[in-house]
Amino acid sequence: MKIKFTYLFIFGLLFISAINSFKKSDNIDNFQLLTTETEFVADTKIELNFSSINEKLPKLYLSNSYGTTILKPNLLNGVLNFQLPESISKKTGIVTWKLLLDTVKLTGSFNINPKQEVSTLETYIGPPSIVAGGTDFSMIVIIPTDLFDNPLLDNTEVNVRHLFLKDLSNKAHFTKNRFAYQNIYSPALSGRILVSSESLNKNSKEYDVNVLPAIPNDFTISYKRNHAFADGNQVTSFFTSTIKDQYGNIVSDGTYVEYFIRTDSNVILKTSGTTIRGVATAKMIHPDHEENWIVKAFIEGMAESNVLELMYEPVISDFEISFSENKRIITIGPLKSFMSQLIPDGIEVKISIYQNDSKMSTITKSSFEGFAIFKLNANTFPNDTYTLKIEAVGIEKTFRNLKLW
Amino acid sequence: MYKTNKYLVTALLIGLVFHGTSMFFTLESTYDALIHLFFGNHYAESWFEPWNFKWYTGFSVMGYPPLVHQAIALLSFIGGLKFGLFTVGFIGVILFITGVYRFSALLTGNKTVAGYASILAVFSSSFLETFHLFGQLPSIIGVSVLLHALPEIYLWIKTAKYRYLCTSLSLIAVTVTSHHVTPIFGMVFFIFPLIGMTIMDVSREKVGSMKAITFKIFLGTFLKLLKRIISFGLFSLVIIVGSILPYWINSKNNPITQVPIPHGSRDNFLEITSSGLVFFLIPWGVLLILIPYIFYRYFSKRYLFFGLSITLLTILGTGGTTPIPRWILGETAFNILTLDRFTLWASILSLPLFGEFVYRFVNGDLKTLIQTKFGTIYYRLIGGILAGLFIFMTIFTMSLGYFRPSQPQKLKMLPIINFLNQDQHDQWRYMTLGFGDQMAWLSAQTNALSIDGNYHSARRLPELTTRPIERLENSKFKGLEGIGSLQQFLTIPEKYNLKYIFSNDKFYDPILFFSGWQRLQQLENGVQVWEKLNVPPIPAILPKDDVPKWQKILWGTIPFLAVIIAFILNLNLLWFRTLKLIPDYLNFQESYSKFSNRILKVTHLWSIGLLIFVIYGIYNFYIKNYSHHSPENAIMAYYNALDFKEYEKAYELINPQSNLSLAQYMLEISVTDGLMSSYAKLDVIESFVTSQSDSLASVKVNTKWITPLEKIIKTDYKSLVKLNGKWYIQPEDLDLDLPPDQLYSSNQTNYFNQGRRRITTEQTYHEDILKQPVLEILSAKLVKYDNSYALIGEVQNIDNVPADVVLKGTLFNNENKELATYNAKYHIKHKLMPKEVSSFKINFEGIAWSKTQDSIPKTFNPDEFTPVEFDQQPTKFNLHVAGNVSGSDLYKDITLSNLNISSLSIKGKLFNSGLEEITIPQLLISYYDENKNLVWVDHQFIEEGIRQQRQIAFEYFLLNKDRILVISDDLTNCFVNGLPNESISNKLVPTRIINQTHAVLQPISHIEYKFIKIELNSYIGNPN
């Protein structure tokens, strides 16, 4: 009983589907695709024809990867004719179509292929600068395209040429997925690689990739100064040797080199320079007292220099101090330098005033024509006894229990 | 028979000539006019679309009644925006003069008196101030139309003719569409007393004389008229709400939840005398003398309610001088309303009586009284004095804007507009600095969007609304709040797509530079363009708060409909009235037969009192300002002169016996550049005389200076001498350092990025885009100190070209939830040469005071820092570094030439070894522990600049922090230009010598930190 019912059910289904398919075929008979081609070439005239029995004028729905449109037919002698617009016929790729009927679908698709003629070579190259030494590279990507900006078919030959110094190389590639590419590895030397490409006798314009020097190697430093005296005025210049990378390329202009100067008192002074043709020049003012300098330069994490030792001799071994009668005007000087000349203006002279061993204030003045003159104001320092400490060019002198009035 | 009122015609003619010519020189430099112009431009561009993208991050123009703006917009179609503005100004003048005339006629019932009042109104100092100094066009038009409405209201209540109801309501509608506050307060201060007066008049008609009116009669009349009053009240309420309904909906949806912006009208006028001048003395002007008369008259029976009104207005207008306005209005209203409008209304209320007084003085009973009592000469004399004072106040008010300009010099906008239109510069937001209200004029002319704006009620960003600043543009005048707000925008500009800043004020240059901005070019009008790299353009689609279409249509049509209806109705009536009818109120003329003797006496006494007050004020002013009077005065004057760069004035305070010539003094001043001398604004000065004898004084001067970067507190000791009874300051010693050479030469690598090589509008001409310089993060750590978190580390430019560095750090908790993100601000060298290293620190800054609005500190500190409040513990971080090729600000010739280390501080000297003058040197100080692990980064700006080949001394105090906790030093989430840091490092610097310069770290004797590293950065204010 159960089986019987199942048979009945299947039979019923078959019957229904037969009715359905009968109806469908009735409609399809009305419109049939006459065009047999499914491959076209871009920008040729493309038409789709359908046979038509009745007077209906269904519209055609067209879609490619750029967009979708709907066409109206022309009815000529019982043939529905659709002319594809340029916006579709110029672009390569699959075009699907659908005849818009009320009841059933009539669909299909065709292909538009590019003209195998190169109009432009769409080229991308990057990065525009790479580091010398063969590990860094720049990639060139070429898409040969036809007149309508359609990429050509795969396996189109593309030649990539590049010149570095005197070496010209030429390599053939075949497009895959519509493009060809090549990695251009950096040479050991810095300079400029000029790149171009060619496909089907069409040449690209010139592109370039700059090859920049790799990380610097160790270097040496030297110095230049006008004299070896610690006059706190002259300037000592430091120079590096020509800094190069491991391939012998001079490092890029502007490379930052930092000089560290360790002094006798274990403080670290700093100056810096940026390279020009591999030489970084840095300057430092002379100390104003006797000092030894140990100098070393670094390019952080990459390179360093030898150690340089400099000595600065004292300019003055002693200076005179005179007081006015009420001890309120203190004249320091003449401050004489290494040839007994008056020391250049601007040497710092410090005077610290103590009362009962506690510091009241420190006054700093710069020397003028060999002298520094201090005037102690009666309002700030009332009449009393004070201790004065006078400091200049690394020499310190103390006057205890001076009575100011 | 109707006679043309020659006084009114005279007033109109004089008014139009006087205001019409002078406004071309005043209106554009007022506070508000250009804002209204900008709104006008909005309506001209999109009449029905209330959303404006140009200011803030977009705001709705439904926050301000539209009539005046739409009028400007409509007129701009004829002759441009400014034509619209000035024409509306003309209309305002006409409306005001005629309004005062009609109001005075209503009040006094005397057309001659009303004519006098209208002439006086032309020169009334409060009107002059509102129009020529403040530029409050909507307010003026609003109040003028309200004055026109008053007679109609009177007639409606008195006669109950419906046409008066219609005219009065139509005028109320015009008032509310031009200014929303005016009819609301106008109800209270103008219409209610008017109703009271109407009841009085009706009662008087009933009983025959004013004296016979008792309270009972008054009440009876009131009840009789109640229906009319209530109907008027209800209808006007409907009109007020209905005609700007979108405004009310908008204010309900976007309530003003902002920190109140301080306004001078809320100051204590006795303390802040400048506010007292602008918001009390000027608007009252000559009326101050007449106050006894005005109050006497207004408290007569007929005007009793006006008396109450003017009393209230006068009190409210005194702002914060007494606590009464605050009680009356309540805290919120007090802080939102600008109280100067009350004084304006009080002075307008006084105008009819001023007219009356002058009428009585010129040819009435007062003239007779004075002449019989004091004689003709005295009469002429005080007539002259009164007229003189009146003219003086007029001229003084008009010239105030000339002598104390409220705006920077007028700028040519064309170069800026051209710049914004060039090269797609309008794809980013821009900001102006130091433009004043002219920024509105710029915004009106360009399509580019600004992050700033000039209508503070519409601010939306929490960075702005939580601070009492009107604009970022003038943030330096707003102290801490201003600069604090500004620096957030400068540090993370990519959040707002802010790329260009037009700076008309050198003051902001340092903060721009140290926040990572670079100078682009100086435009022809002297405006400096600053640019920030690595900022994405504004997205094509911006969010907006849309409103329903019916609101847009209502907003766009109602105001002009109201005007047209009011025009038709009133014009009709005007004809009618001119030809036939004498309005009812003209029946209540007074005869002016006997001027009260007592009130003349009181006015005399009052005037004497005022005179004494003025003389005392002038004397006080002299004592305070005579600079040689005392050592304190001399010091104060000297510092003020320096602050305003009035060097000749400062020189006059220098001891003339010190043999210092003016030329030498100027030379000494001019060679000093730096944060202190070029960018500091004196904030607070206190001087203490430490010792003083007859001819000698020592003064300790404590000064606080505002600079764009930080607050500087200085203590100077000055000596003064007294010569010929005048105090003088002893000059300071000069730095006498003399570099060894006369001529210096040096070589430098320069860079130039020419952008697009071919002139094209193509957005990304890919061949012309430079590779982003490769940077490497050498170390990065998340550290915690005092409950706040920071990212510290070191970054190196490992490329071959100089780089601009933008560092963005983000903190996460254990569940990888983002907690905070911020950029590096001052603690980094933003420009790195190839292979240069910079230490950095990112502070995670929150939006200041967003939670505790009442705890805004009163004192100024631009370096104020509000740490983000974390509700969860940050445990991880990521760090994005972006490099962009930059050829500017690459000056590196600054060296550390001397050091002296103690346990508390580091003293040292910096030497400028190059050929540019360093304006602001900066120290970046990294702290290391005993194992040479980086634990903290600090910085210090040096106040003095360094001239070429010279040294300056500095002192840096070592930090006294508790041990800093390193939470994470994991570099896995560090990215350079979007690529992982580690892979870049492995590829480009595979043989890196780790911690190579640790050998040259500076040892220090400190409990927590054993080593430091000092890096130097410099800002060049005037590159050669």
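For the rest of this paragraph, the subject is the pairing of strand β21 (residues 256-262) of chain A. Remember that side chains alternate between the two faces of the sheet whenever the strand is regular. Residue and element names in this part refer to chain A. Within β21, six of the seven residues are buried, which leaves the element mostly enclosed by the surrounding structure. Note: β21 against strand β22 (residues 268-276), seven bridges, orientation antiparallel. Each bridged residue has a counterpart across the sheet, and for valine 257 the counterpart in β22 is glycine 273. Where β21 folds back on β22, the antiparallel hairpin that results is connected by five residues, among which asparagine 266 adopts a positive phi of roughly 60°. The sheet contact formed by β21 and strand β24 (residues 291-299) spans five bridges and is antiparallel. Residue pairing across strands places isoleucine 261 opposite valine 295, the latter belonging to β24.

All told, the structure shown has 36 salt bridges over all chains when counted by the stated rule. With a closest N to O distance of 3.6 Å, A:Lys270 and A:Glu258 form a salt bridge. With A:Lys270 in strand β22 and A:Glu258 in strand β21, this residue pair connects regions lying 12 residues apart in the sequence. Each member of the pair, A:Lys270 as well as A:Glu258, carries the same accessibility label: buried. One salt bridge in this structure joins A:Glu348 and B:Lys909, with 3.0 Å as the shortest N-O distance. Of this pair, A:Glu348 sits in strand β28 (residues 348-355) while B:Lys909 sits in strand β19 (residues 905-912), which puts the two residues in different chains. With relative accessibility at 13%, the residue B:Lys909 sits in the buried group. A network of salt bridges, in which partner residues are shared, links B:Glu49, B:Lys544, B:Asp546 and B:Lys552.

Before going further, it helps to spend a moment on the interface of chain B and chain A. Many analyses report the size of an interface as the accessible area lost when the parts associate. Between chain B and chain A, the contact holds 61 residues from the first and 54 residues from the second. Counting each side, the surface lost to burial between chain B and chain A is near 4900 Å², with a carbon and sulfur contribution of 53%. Sorting the residues of chain B by area buried against chain A places B:Asn800, B:Lys835 and B:Gln996 first, and these three jointly supply 13% of that buried surface. Taken together, chain B and chain A are joined by two salt bridges. Of all the secondary structure elements, the ones that give two or more residues to the side of chain B that touches chain A are β8 (696-706), β18 (894-901), β19, α30 (981-988), β26 (1002-1003) and β27 (1011-1019) of chain B.

Here the focus is the nonpolar core. If you look at the biggest cluster of nonpolar residues, it comprises 317 residues, and the most contacted ones within it are B:Trp55, B:Phe342, B:Phe502, B:Leu910, B:Tyr927 and B:Trp936. In terms of residues, this core owes the most to one element, helix α3 (residues 67-108) of chain B, which gives 19 residues. Each residue touching B:Tyr927, except ones within four places of it in the same chain, is listed here: B:Asn933, B:Leu934, B:Val935, B:Trp936, B:Asp938, B:Tyr956, B:Phe957, B:Leu958, B:Leu959, B:Tyr1009, B:Phe1011 and B:Ile1012. A:Ile316, A:Phe319, A:Ile353 and A:Leu404 belong to the second-largest nonpolar core, a separate cluster that totals 25 residues.

The next thing to look at is the confidence of the model for chain A. On average, chain A scores 86 in pLDDT, and the residues at 70 or more come to 92%. Contacts from residues 20-28 of chain A, a stretch scored under 50 in pLDDT, to residues over four places away or in other chains number three contacts.

What the domain assignment reports for chain B is domain 1 (6-30 + 64-406 + 562-586), domain 2 (622-729) and domain 3 (770-1019). Look at where the C-alpha atoms of domain 1 of chain B and domain 2 of chain B centre, and you get two points 48 Å apart.

Glancing now at the sheet that holds strand β20 (residues 920-928) of chain B. Think of a sheet as strands paired side by side through backbone hydrogen bonds, with each pair either parallel or antiparallel. Strand order in the open sheet formed by four strands is β21-β20-β27-β26 (chain B), with antiparallel pairing between adjacent strands. Each edge of the open sheet is held by one strand with a lone partner, namely β21 (934-941) and β26 of chain B.

Here we take up the packing of helix α8 (residues 181-207) of chain B against helix α9 (residues 215-243) of chain B. Residues and elements named next belong to chain B. Following both chains from N to C, one finds α8 and α9 inclined at 150°, their axes separated by 10 Å at the closest point. In terms of orientation, α8 and α9 fall into the roughly antiparallel class. Along this stretch, α8 crosses α9, giving a crossing that reads as right-handed. Contacts between α8 and α9 involve Pro183, Met187, Ile191, Ile195, Gly196, Ile199, Met200, Val202, Ser203, Lys206 and Val207 on the former and, on the latter, Ile217, Phe218, Thr221, Phe222, Lys224, Leu225, Ile229, Phe232, Ser236 and Ile240.

Right, let's get into the sheet that holds strand β6 (residues 74-76) of chain A. All names here are of chain A. The antiparallel open sheet is built from four strands, whose spatial order is β1-β3-β7-β6. Each edge of the open sheet carries a strand with a single partner, namely β1 (31-33) and β6. Strand-to-strand twist of the sheet, defined as the mean angle between neighbouring strand axes without regard to direction, takes the value 30°. Bridge count for β6 against strand β7 (residues 79-83) is three bridges, and the pairing is antiparallel. If you follow asparagine 74 over to β7, its bridge partner there is asparagine 81.

We now examine the packing of aromatic side chains. Scanning the model with the defined rule gives 72 aromatic pairs over all chains in all. A centroid spacing of 5.8 Å and a plane angle of 75° characterise the contact between B:Tyr64 and B:Tyr455, whose relative ring orientation is edge-to-face. Of this pair, B:Tyr64 sits in the loop between β2 (59-60) and α3 while B:Tyr455 sits in the loop between α20 (438-445) and α21 (462-465), and the two are 391 residues apart along the sequence. Residues B:Tyr64 and B:Tyr455 agree in their burial class; the two are buried. Note on B:Trp428 and B:Tyr500: the rings are 6.3 Å apart at their centroids and 85° apart in plane angle, and the pair reads as edge-to-face. Here the residue B:Trp428 occupies a position in the loop between α19 (414-421) and β3 (429-433), and B:Tyr500 occupies one in strand β4 (residues 498-503), the gap between them amounting to 72 residues. The pair formed by B:Trp428 and B:Tyr500 is uniform in burial state, with each residue classed as buried. A cation over an aromatic ring shows up here: A:Lys365 above the ring of A:Phe374, its NZ or CZ 5.7 Å from the ring centre. The residue whose ring lies beneath B:Lys932 is B:Phe1011, and the NZ or CZ to ring-centre distance is 4.8 Å.

Reading the values: rules and limits
- Residues numbered from 1 in each chain as written.
- Chains lettered and ligands numbered in written order.
- Predicted model: local features only at pLDDT ≥ 70, side-chain atom pairs only at ≥ 80, totals over all residues.
- Heavy atoms only, no water.
- Buried < 20%, exposed > 50% of the residue type's maximum accessible area, 1.4 Å probe, protein only.
- Helix = DSSP H or I, 4+ residues; strand = E, 2+ residues; numbered from the N terminus.
- Pairing = 2+ DSSP bridges.
- Salt bridge = Lys/Arg side-chain N within 4 Å of Asp/Glu carboxyl O.
- Contact = heavy atoms within 4.5 Å.
- Buried area = accessible area lost by both parts, 1.4 Å probe.
- Core = buried A, V, L, I, M, F, W, Y, C linked by side-chain atoms within 4.5 Å.
- pLDDT = per-residue confidence, 0-100.
- Domains from an automatic or database assignment.
- Axes fitted to C-alpha atoms, helices over the stretch in contact; angles between N-to-C directions.
- Parallel < 35°, antiparallel > 145°, perpendicular 65-115°, else oblique.
- Left-handed = near helix turned anticlockwise from the far one by under 90°.
- Phe/Tyr/Trp six-rings, centres within 6.5 Å; stacked < 30°, edge-to-face > 60°.
- Lys NZ or Arg CZ within 6 Å of the ring centre and 35° of its normal.

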